[in-house]
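If you want the building blocks of each chain, they are given just below.
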Amino acid sequence: MPARTHTRPGPAIPGGVDSRLPWWALALPALAFVILLALIMNPSHAHASTGDPALTQLLQHAQDLLTR
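For every chain, the first residue of its written sequence is number 1, and the numbers climb from 1 along that sequence. It should be noted that, the model being predicted, local features are given only for residues of pLDDT at least 70 and side-chain atom pairs only at 80 or more, the latter also being counted only at that level, while totals for whole chains, interfaces and linings use all residues. Working from all heavy atoms in the structure, the side-chain values ignore hydrogens and water.

Colleague: Go over the overall build of the protein, please, and point to the residues and values.
Modeller: Of regular secondary structure, the protein possesses two helices and zero strands. Summary of the burial criterion: residues with accessible area below 20% of their type's maximum are buried, those above 50% are exposed, and those between are partly exposed, where the area comes from a 1.4 Å probe applied to protein chains only. For the protein, the proportion of its 68 residues judged to be buried stands at 0%. Under the convention used here, a 1.4 Å probe and the Shrake-Rupley method define accessible areas, while residue burial counts only the protein chains that appear. Of the roughly 7,300 Å² of accessible surface on the protein, a fraction of 67% belongs to carbon and sulfur atoms. Helix and strand assignments come from DSSP, with helices taken as H or I runs of at least 4 residues and strands as E runs of at least 2, each series counted from the N terminus.

If you want it as structure tokens, here you go:
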């Protein structure tokens with residue numbers, strides 16, 4: 001029983017693929033850009049979180065040890 005040989009498909013047609021992005025693929029990066037731009041323009045709204053005092057003391061101690 002002879003084995004069939006597979007023929008190669010023809011060359012790809014340029015412009016034949018139509019791919020569309022979902023709406024959020026453009027909306028989310030644009031929203032992130034606007035939020036970051038607003039934070040740069042008015043940094044008073046960007047509040048740093050307060051760290052645990054024990055963690056702050058540990059980091060300060062590590063920094064003191066490294067600078068000796």
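Colleague: Residues and numbers for a nonpolar patch on the surface, please.
Modeller: Patches here are clusters of residues that have more than 30% relative accessible area and form no salt bridge, with a 9 Å joining cutoff for like charges and a 5 Å cutoff for nonpolar side chains (Val, Leu, Ile, Met, Phe, Trp, Tyr). In the sections that follow, a salt bridge refers to a side-chain nitrogen of Lys or Arg positioned within 4 Å of a carboxyl oxygen of Asp or Glu. Where nonpolar side chains cluster on the molecular surface, the patch consists of W23, W24, L28, L31, I35, L36 and L39 and spans about 800 Å² of accessible area. Inspection of the secondary structure assignment puts I35 in helix α1 (residues 24-41). Among the residues examined, I35 registers a relative accessible area of 47% and is labelled partly exposed.

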